[in-house]
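# Architecture at a glance
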Amino acid sequence: MSSLPRIISKHPQAKLSINGLNTRLIQAGDQQLIFMEFDNDVDIPAHSHDAQWGVVLDGSIEMIINGKKHTFVKGDSYYIKKDVIHSAKIKAGYKDLTLFDQADRYTTAE
């Protein structure tokens, strides 16, 4: 991730099959932190998992969380409780840091 400092970019990429997505994964005990940077518009279908908290670093994301539409922009944060259905429309240029309350949400690509 060329726009992030070495302190972040030195971490491994997360294994995700989304075209134009750059990631860095930090394992933090029984949780994971993932930096995400999207080069393309992406639609994420409805799904659920353990709790998730995110902060928008740049760009915008439209999320439907438990049936309610939200738009988040740079500086906003969001929280999704465990097992709550959510989906997202992500715009190219979007960057965030997301904390998942789950140790095995993602594996490394390396």
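Each remark here, short or long, concerns the structure printed above.
A short tour of the structure in this document, coming up.

What counts as what
Residues numbered from 1 in each chain as written. Predicted model: local features only at pLDDT ≥ 70, side-chain atom pairs only at ≥ 80, totals over all residues. Heavy atoms only, no water. Helix = DSSP H or I, 4+ residues; strand = E, 2+ residues; numbered from the N terminus. Polar contact = N/O pair within 3.5 Å; in protein donor to acceptor, adjacent residues only side chain to side chain. Salt bridge = Lys/Arg side-chain N within 4 Å of Asp/Glu carboxyl O. Buried < 20%, exposed > 50% of the residue type's maximum accessible area, 1.4 Å probe, protein only. Contact = heavy atoms within 4.5 Å.

## So, the side chain of His49
Within the fold, His49 resides in the loop between β3 (42-47) and β4 (52-58). Among the polar contacts made by the side chain of His49, one reaches the side chain of Gln52 at a distance of 3.1 Å.

## Topic: the pattern of salt bridges
This model, assessed by the stated rule, comprises four salt bridges. Note that Glu37 and Lys95 form a salt bridge whose closest N and O atoms lie 3.3 Å from each other. Separated by 58 residues along the polypeptide, Glu37 in strand β2 (residues 31-38) and Lys95 in strand β9 (residues 95-100) bring together distant segments of the chain. On the basis of relative accessible area, Glu37 is assigned to the buried category, the value being 9%. For Lys69, the salt bridge is made with Glu62, and the minimal N-O distance between the two is 3.5 Å. Owing to a relative accessible area of 24%, Glu62 belongs among the partly exposed residues under this scheme.

## Digging into the side chain of His86
Turning to its location among the elements, His86 is positioned in strand β8 (residues 86-90). Side-chain polar atoms of His86 contact the side chain of His49, separated by 3.2 Å. Those residues within four positions of His86 in sequence are excluded, and the remaining contacts are Pro45, Ala46, His47, Ser48, His49, Gln52, Met63, Ile64, Ile65 and Ile80.

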